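Remarks on the overall topology
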Amino acid sequence: MAGYRKLGRTSSQRKALLRNQVTNLIYHGRIITTEAKAKEIRKIAEGLIAMAVREKDNYETVTVEQKVPKTDVDGKRIRETQDGKKVVVYDTVSKEIKKDSPSRLHARRQMKKVLYNVKEVPNETAGRKKHTREIDLTNKLFDEIAPKYANRNGGYTRIVKIGPRKGDAAMEVVIELV
């Protein structure tokens, strides 16, 4: 007996479908799908959340100093003349960053294998490429979802039946993060 449902698809189609559904579940918090798909999604999503909960505190905060060019009001770099050449003027900026431990970095890469990249487009500027934002779902898992489930031992998702679908009478469910 197989350890998973084939969902009537080839292995590459099935993998793409499940990756897409898990990505949407983590991004939106809840999705509507069929019961068989939801049970497969649950396995993958709970594994990712458990990994995030396990590694949520495995980092150290490091202060990094970086040279940043000075800019004027229009956003253009300020240049000064030194020895007959125009040279860009730089400021030194200090910034705190999170430095992952090796185990957290490994967990992050395992999550990236499953999750797709998500681009968010604001409604008021829809269709304009420069206003899109890349959403890092691994950071969302570590920073928002993992602290919420820190005291919980599994059972991060809930499946609620909402009735048969009109077209083919497949049982539809809502799968959501608890």
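In what follows, the accompanying structure is described. All of these numbers come straight from a predicted model, not from anything done at the bench. (Residues numbered from 1 in each chain as written. Predicted model: local features only at pLDDT ≥ 70, side-chain atom pairs only at ≥ 80, totals over all residues. Heavy atoms only, no water.)

1. Considering the overall build of the protein chain
- Along the backbone of the protein chain there are 4 helices and 9 strands.
- For the protein chain, the succession of helices and strands along the chain, N to C, is α-β-α-β-β-β-β-α-β-β-α-β-β.
- Against the compact-globule benchmark of 16 Å for 178 residues, the protein chain has a radius of gyration of 23 Å, which places it well outside the compact range.
- Each principal axis of the C-alpha distribution contributes one length, and for the protein chain these read about 80 × 40 × 30 Å.
- Across the 178 residues of the protein chain, 30% fall into the buried class.
- Sequence-distant contacts in the protein chain: of pairs separated by 6 or more residues, those separated by 24 or more amount to 62%. (Helix = DSSP H or I, 4+ residues; strand = E, 2+ residues; numbered from the N terminus. Rg over C-alpha atoms; globule rule 2.2 N^0.38 Å. Buried < 20%, exposed > 50% of the residue type's maximum accessible area, 1.4 Å probe, protein only. Contact = heavy atoms within 4.5 Å.)

2. Structural notes on a nonpolar patch on the surface
- A cluster of nonpolar side chains, namely Ile32, Val160 and Ile162, defines an oily patch on the protein surface of about 260 Å² accessible area.
- Tracing the chain through its elements places Val160 in strand β8 (residues 157-164). (Patch = residues over 30% accessible without salt bridge, like charges linked within 9 Å, V, L, I, M, F, W, Y side chains within 5 Å. Areas by Shrake-Rupley, 256 points an atom, 1.4 Å probe, with all protein chains shown as cover. Salt bridge = Lys/Arg side-chain N within 4 Å of Asp/Glu carboxyl O.)

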